[in-house]
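Here are the chains, one letter per residue:
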Protein chains: 2
Amino acid sequence: MIGEDKLKNLIKENNTKIVLVVMDGAGDLPDESGKTALEQADIPNMDKLAGKSELGLTLPIDYGITPGSGPAHLSLFGYDPVKHEIGRGVLEAYGIGIELKSNQLAARANFATRNKDGIILDRRAGRIPTEENERLCKIINKNIDKIDDVKIEVYPGKEHRFVVVFTGENLHDGLLDADPEEVNKKEKLVQNTDEKSSKAADIANKFIKNLHVVLAGEEKANTCLLRGIAKKPAINGFKERYGLNARAIATYPMYKGLSRIVGMEVAEDLNTIEDEITSLKEDFNNFDFFYFHIKKTDSYGEDGNRKGKVKVMEEFDSHLPEILKLGPDVICVTADHSTPTTMSAHSWHPNPLLIYGQNLRKDRGSKFDESTCAEGVCGTMYAKNVMQLLLAQSSRLKKFGA
Amino acid sequence: MIGEDKLKNLIKENNTKIVLVVMDGAGDLPDESGKTALEQADIPNMDKLAGKSELGLTLPIDYGITPGSGPAHLSLFGYDPVKHEIGRGVLEAYGIGIELKSNQLAARANFATRNKDGIILDRRAGRIPTEENERLCKIINKNIDKIDDVKIEVYPGKEHRFVVVFTGENLHDGLLDADPEEVNKKEKLVQNTDEKSSKAADIANKFIKNLHVVLAGEEKANTCLLRGIAKKPAINGFKERYGLNARAIATYPMYKGLSRIVGMEVAEDLNTIEDEITSLKEDFNNFDFFYFHIKKTDSYGEDGNRKGKVKVMEEFDSHLPEILKLGPDVICVTADHSTPTTMSAHSWHPNPLLIYGQNLRKDRGSKFDESTCAEGVCGTMYAKNVMQLLLAQSSRLKKFGA
């Protein structure tokens, strides 16, 4: 396989444009109807495009491995998801718009409830409303500015969730979560798994103890759980790696966060597929690569709501001609991982893949669904290799060797 | 790819059951009838199961590589067969029930005939009967107890085959065989390929010379050839690696030996497929994973006996409903390697693969044969990854990343 360094040597500039549409969790399994969501959906535009595209299936991580959204997206963006693990704290931070520096650690935090003996009674502090969360974060920021030489900042998320950013020297992220994982268990402190992470563990634990003092008067939110404490991974962005000015068009924080990590510029304030289409049109001349994320196929998959999932696919399909009309050189429609409504969860099943461009093999299938893609000319491939095909189709790769 | 360490982190306990049926050497090539063995066989139960399973093809080692039974099985058990090479001596030892310790070396030995000038006249000593072999091993054990500080034990196998176990400190296995490989050639001594294996080479060669003295009066079996001298490989067993209590149901020594190496408990005294089915039924509640080996598809393949091979497939097929009736959560039917009757030998052609479970993609095929499997939703995959699919289908893997 080509490897990151050799691939970088093959990159050439071009003015071609690539659109990567990710229907999150699109892949499914047959339900009692004997059909998958894509097979049930009335998606004439995707089917028509499939008829003139190369089809295949992609493995997000590996055979049998069910991925979280983070690694599944990294893979689709061409990064080895096993080599580049991104801490959940980092994803949360990026998701709410915080760009981490190399001397920062981020933790995903929950407000929680403890009794005087340190037993965790509620891991989400009764899911306090977001306004409460904002009030509490203000109090913390006012009262806990620094611990030793480390600067502390907290940022409210939704409901009981917030992010803690630690800024300082010698903060390493070999840390285990401060979370008993179940209620009615004794609270936990952060533990370091290696010597160099001892300072970070110490600061994080002092933060928890200071927070107990500052929030002592609160009825519900009188402690916090710290999870996924991590630094920004050291990875090259799309510009450096592929020579692509990349735009992320997504509605949900986590995907926007991931996009920032790989160096994309992120469109803001989008809520619907229609918003996303408008954003794509407005920015089509300003970027080379567009990551277009559709969230609700996954949300309905997790809910086991087949009708809802099918409807989102149909909604996107109705907008597809608008994307085609923009004339991208390459368009890829795929998913990050499968979220079968029959399982109400992410799964390991490979993703349907469609690549349309100028230099295509001929596929027999003219349906965009799992079984047709299984017989496609791309075969079953690692998602990590899709970017190489998109670069090739957009004439952005030089020849390897003479 | 996920890698051994990361996979281990994803393992979760469950009470699901997996049956892995290995029809040894099942894959074939079309003969003059234009059909493969699976295509000729009347196997309605496997075909019916194929109709509701995921199909594919597996590469035992790599494209074009013909494996021995050892590496082909290791791969199917999820171990990298190139990284974990198992010496033939070790396989032989395990096959006759000897569990090797870390300070032991095992050699696969033949009784052979030499003349007074050290020319090997018969590499199998005229295929002496097993009783003769047992008599000779008794003599050796009585007369050669120790060489320097190394303990010597020999164990009779069938006909001219026996196993030598060397026990002592500083015995390393960088050794070349003491075997001229052809008759009427000068005998060979063991050679060491590195410095640290010099003691082992010295002891092995002293053993051969002592044996010449001890068996000087024998007409045929007056020397031995030593091959595949090796230590037990340091690999984790199924319990440690996958959290699976595994049972091996096999009739032949070598497969039982391999199973012991990967930490399976081995059923004893089985001779027929019917015996094996009975054993599976008896132990179904006592284990999580069952390796069910069918030997004679391979034996008939090696003999070029198409009719015999087809008949064994049909025999197994008639028992398949009994396995299904036990209600395993996952059943996989496949082979370790192909043994085409048209070649009378192992080959590199990928193996047909069928995986039945609860969370399946839909396959269009409803025949269990090579061409149908080639169009299956699993595609062509490395056999090493099959275990990951079986673990996923049996809900024994956690999600990778958030």
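The rules behind these values
- Residues numbered from 1 in each chain as written.
- Chains lettered and ligands numbered in written order.
- Predicted model: local features only at pLDDT ≥ 70, side-chain atom pairs only at ≥ 80, totals over all residues.
- Heavy atoms only, no water.
- Buried < 20%, exposed > 50% of the residue type's maximum accessible area, 1.4 Å probe, protein only.
- Helix = DSSP H or I, 4+ residues; strand = E, 2+ residues; numbered from the N terminus.
- Pairing = 2+ DSSP bridges.
- Contact = heavy atoms within 4.5 Å.
- Salt bridge = Lys/Arg side-chain N within 4 Å of Asp/Glu carboxyl O.
- Least-squares fit on C-alpha atoms with pLDDT ≥ 70 in both.
- Buried area = accessible area lost by both parts, 1.4 Å probe.
- Polar contact = N/O pair within 3.5 Å; in protein donor to acceptor, adjacent residues only side chain to side chain.
- Axes fitted to C-alpha atoms, helices over the stretch in contact; angles between N-to-C directions.
- Domains from an automatic or database assignment.
- Nonpolar A, V, L, I, M, F, W, Y, C, P; charged D, E, K, R; others polar.
- Parallel < 35°, antiparallel > 145°, perpendicular 65-115°, else oblique.

Let us look at the pairing of strand E2 (residues 54-59) of chain B. Residue and element names in this part refer to chain B. Summarising burial for E2: 6 of the 6 residues are buried, a large majority. Judged by which residues are buried, E2 turns out to be covered on both faces: Glu54, Gly56 and Thr58 on one side and Leu55, Leu57 and Leu59 on the other are all buried. Taken together, the 5 bridges between E2 and strand E16 (residues 351-356) define a ladder with antiparallel strand orientation. Bridging from a neighbouring strand, Leu55 pairs with Leu354 of E16.

Residue and element names in this part refer to chain B. In this structure, Ala107 sits in strand E3 (residues 104-114). Separated by 17 residues in the primary sequence, Ala107 and Val90 have C-alpha atoms spaced 7.1 Å apart. Ignoring anything within four residues of it in the chain, the contact list for Ala107 reads Gly89, Phe162, Val163, Val164, Phe166, Leu226, Arg227 and Ile229.

What follows covers the pattern of salt bridges. Residues and elements named next belong to chain A. Summed over the entire model, instances satisfying the criterion amount to 57 salt bridges over all chains. Note that Lys206 and Asp148 form a salt bridge whose closest N and O atoms lie 2.9 Å from each other. Highlighted residues: Lys206 in helix H7 (residues 198-214) and Asp148 in the loop between strand E5 (146-147) and strand E6 (150-156), separated in sequence by 58 residues. On the basis of relative accessibility, which here comes to 30%, the residue Lys206 falls in the partly exposed class. With a closest N to O distance of 2.6 Å, Arg260 and Glu268 form a salt bridge. Owing to a relative accessible area of 14%, Arg260 belongs among the buried residues under this scheme.

For the pair chain B and chain A, the best superposition has an RMSD of 0.2 Å and corresponds to a rotation of 125 degrees with a translation of 0.2 Å parallel to the axis. Seen this way, the second copy is the image of the first under a three-fold rotation axis. Little of the interface of chain B is mirrored in chain A: 11% of its interface residues are interface residues there too.

What follows deals with the interface of chain B and chain A. If you look at the interface, chain B gives 28 residues, while chain A gives 36 residues. In total, chain B and chain A occlude about 2600 Å² of area from one another, counting both sides; carbon and sulfur atoms represent 56% of this. Broken down residue by residue, the surface that chain B buries against chain A is led by Arg361(B), Phe400(B) and Ala402(B), which jointly contribute 29%. Along the contact surface separating chain B from chain A lie 3 salt bridges. Residue Glu375(A) is joined to Arg364(B) by a salt bridge in which the shortest nitrogen-to-oxygen separation is 3.1 Å. Run the count over chain B and chain A and you get 13 residue pairs in polar contact (both at pLDDT 80 or more). Within the residue set of the side of chain B that touches chain A, elements represented by two or more residues are helix H1 (4-10), strand E17 (380-382) and helix H14 (386-393) of chain B. The element best represented in the side of chain B that touches chain A is H14(B), accounting for 4 residues.

With that settled, the discussion passes to the sheet that holds strand E13 (residues 265-266) of chain A. Residue and element names in this part refer to chain A. Spatially, the 8 strands line up as an open sheet ordered E13-E12-E14-E1-E15-E16-E2-E17, and their pairing is mixed. Across the chains shown, the open sheet's two edge strands, defined by having one partner strand only, are E13 and strand E17 (380-382). One ladder, built from 5 bridges, connects strand E1 (residues 18-23) with strand E15 (residues 330-334); its direction is parallel. In the sheet register, Val21 faces E15, and the bridge partner there is Val333. Contacts between helix H10 (residues 273-283) and the sheet are confined to strand E12 (246-249) and strand E14 (289-294), with E14 contributing the most and set at about 175 degrees to the helix.

So, about the domain arrangement of chain A. All names here are of chain A. As far as domains go, chain A holds domain 1 (4-85 + 236-393) and domain 2 (91-230). Computed from C-alpha atoms alone, the centre-to-centre distance between domain 1 and domain 2 is 34 Å. The three residues of domain 1 that bury the most area against domain 2 are Met254, Arg260 and Ile261, which together make up 65% of that side's buried surface. Connecting domain 1 to domain 2 are 0 salt bridges. Our enumeration of links across domain 1 and domain 2 arrives at 1 residue pair in polar contact (both at pLDDT 80 or more). No other element matches the 6 residues that helix H9 (residues 253-261) contributes to the side of domain 1 that touches domain 2. Here the side of domain 1 that touches domain 2 is built from residues that sort into 4 nonpolar, 2 polar and 1 charged.

For the rest of this paragraph, the subject is helix H5 (residues 88-95) of chain B. All names here are of chain B. H5 sits mainly inside the fold: 7 of its 8 residues count as buried. Here H5 has its buried residues at Gly89, Val90, Leu91, Glu92, Ala93, Tyr94 and Gly95. Turning to H5, the residues buried within the fold contact helix H4 (69-76), E3, strand E7 (161-167), strand E11 (223-230) and helix H9 (253-261). Note on H5: the residue one or two positions beyond its end, Gly97, has a positive phi of about 90 degrees.

Residues and elements named next belong to chain A. Interhelical geometry of helix H11 (residues 296-303) versus helix H12 (residues 306-325) gives an angle of 170 degrees and a closest axis separation of 8 Å. When the axes of H11 and H12 are compared, the pair comes out roughly antiparallel. Residue-level inspection shows Lys296, Thr297, Tyr300 and Gly301 of H11 in contact with H12, the latter providing Gly308, Lys309, Val312 and Met313. Per-class residue counts for the contact of H11 with H12 are 3 nonpolar, 3 polar and 2 charged.

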